[in-house]
Amino acid sequence: MTDVTTAPAYVGVEDLRRVARELLEAGDVRVVIGYEDARRGARPVFVSDPAETDKLIFDTRCVHNLVTYLNPRRDHVAELGKIGLVVKGCDVKAVAGLLREAQLSRDDVVLIGVRCGGVLEENELPAALALTPENVAPRCYGCDNREPTLTDHLVGEPQPEPPRPVMTIDERVAALDDQPLEERWAFWTDQFSKCVRCYACRQVCPLCICEQCIVEKTQPQWIEASAHPRGNFSWNITRAIHLAGRCVDCGECERFCPVGIPLSLLNRKLQHIVRDRYDYTVSDDPENAAPIGDYRLDDQQEFIK
Amino acid sequence: MTDAHTDFEPRITAFVCNWCTYTGADLAGTSRLHMASNVRIIRLPCTGRIDPLFIIKAFERGADGVIVSGCHPADCHYTSGNYHARRRFAVFHDIMEFVGVDPRRMTFSWVSASEGAKWKDVVDEAVANVRELGPYDAYRALAPDAQEPWPAATEGLAPAGEEVAS
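Residues numbered from 1 in each chain as written. Chains lettered and ligands numbered in written order. Predicted model: local features only at pLDDT ≥ 70, side-chain atom pairs only at ≥ 80, totals over all residues.

## Brief notes about the sheet that holds strand β2 (residues 39-44) of chain B
Residue and element names in this part refer to chain B.
Here comes step 1: Strand order in the open sheet formed by four strands is β2-β1-β3-β4, and the pairing between neighbours is parallel. Edge positions in the open sheet fall to β2 and β4 (106-110), since each of these has one partner strand only. On average, each strand axis in the sheet is inclined to that of its neighbour by 20°, with strand direction left out of account.
Here comes step 2: Note: strand β1 (residues 12-17) against β2, six bridges, orientation parallel. When the sheet's bridge partners are listed, I12 is paired in β2 with V39. (Pairing = 2+ DSSP bridges. Helix = DSSP H or I, 4+ residues; strand = E, 2+ residues; numbered from the N terminus. Axes fitted to C-alpha atoms, helices over the stretch in contact; angles between N-to-C directions.)

This is the structure we're talking about:
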């Protein structure tokens, strides 16, 4: 076991506060959404008073994807006025997703990027810990957006690469792929049977943007609403495929799942599918069309007779 | 065909597009082609109209297998519906396999209005595949108390293999 030590203070935090203060003082934004230190660790905070920007922090506990506040379903946040949003490299891909799908205007938000060297899996800690293979969020391994380009401001110094977790998500997906079909079915139906249909995965997702979710449609009812293995299967598959080629791997659905369904494995598998079939990797470039809703005349069709 | 499933008649739901495969299936019928009678066809405007949820719903309602078929690439009545569907079904096919659904229960095909014979082959092959796999008990076990929503596959129909006077 690696020694768990407190992480060194994030060097860019003064810059972060200064940028936020200047944006608020100049009236460029009405509110800055970032992170603060609270009783149970880091948590999101809305700052509208320039004097309060000293609340803002950034460290390895800042796991939350704050882009979920830009989701058009949360129009009460948009009503606050123009938003300054603190974003990590993974989060900013979700902003690109909203722009790509015309759910957000670039003028509605000022993006304050923070150079991130990975975050912890567990954020409810009194102090930020240095990342180790045991405590790092597995999704951070192999991060490809450590220098975001979509941001208006970028603070912090270049960070070291996140450590390799004990078992990467890719390795866990590969381990499932190696199992026989029946065992994969047993694994997933067992996982889905735990689902209590709280829809936290949907609520927290920055890209689950439908005003009326298919799961709430009752005439006809496509997905059974009760927490029952058959409807749960339908719901979890539907949620996953609706994010195919859109999911930015921020891991919020899995983090919020109260019963611990490994949704990141499904999401990662879908990322592999669109990568292998359509050479598509989700990025923070909003001009890069998502694979579903797009097509090529020569798309693979080996599964079609 | 395995011995265990010799008396099993698969229930197969086919989602087909109006312009090509439905007409192709119609041609198979008017051509008096003899094929397995286990398929129930649901006609839709286009493969682009077929949500993967349809397939899940068919399994929920007791289907042992599903066929999805439409116009060949470049032949879509709406120009690009089948291209969009192709991507959607590729992703769906792969993720269903990942969660343990045997892909042989899901047959995807392009059948044009003139390909009655191909439709017969698609149906016969899908039925043979599903017959070999047996009833989809694993899916039904997700809701063991649910009613059997369909009559037996061949109820009220001419038994397979028997010549129909023309």
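## A look at the pairing of strand β2 (residues 41-47) of chain A
Here comes step 1: Bridging between strand β1 (residues 31-38) of chain A and β2 of chain A involves seven bridges; their strand directions are antiparallel. The partner of V32 of chain A across the bridge, within β2 of chain A, is V47 of chain A.

## Considering the domain arrangement of chain A
All names here are of chain A.
Here comes step 1: Parsing chain A into structural domains produces domain 1 (13-155) and domain 2 (169-278).
Here comes step 2: Summarising the inter-unit geometry, the C-alpha centres of domain 1 and domain 2 are found 25 Å apart.
Here comes step 3: If you look at the interface, domain 1 gives 17 residues, while domain 2 gives 15 residues.
Here comes step 4: Here the side of domain 1 that touches domain 2 is composed, by residue class, of eight nonpolar, five polar and four charged. (Domains from an automatic or database assignment. Contact = placed C-beta atoms within 7 Å. Nonpolar A, V, L, I, M, F, W, Y, C, P; charged D, E, K, R; others polar.)

## Points about the environment of G293 of chain A
Residues and elements named next belong to chain A.
Here comes step 1: Locating G293 in the fold gives a position in the segment after α9 (263-278).
Here comes step 2: Residue G293 is classed as partly exposed on the basis of its C-beta count, with 13 C-beta atoms lying within 10 Å.
Here comes step 3: Considered as a pair, G293 and G245 are 48 residues apart in the sequence and their alpha carbons are 9.8 Å apart. (Buried ≥ 20, exposed ≤ 12 C-beta atoms within 10 Å, placed from the backbone.)

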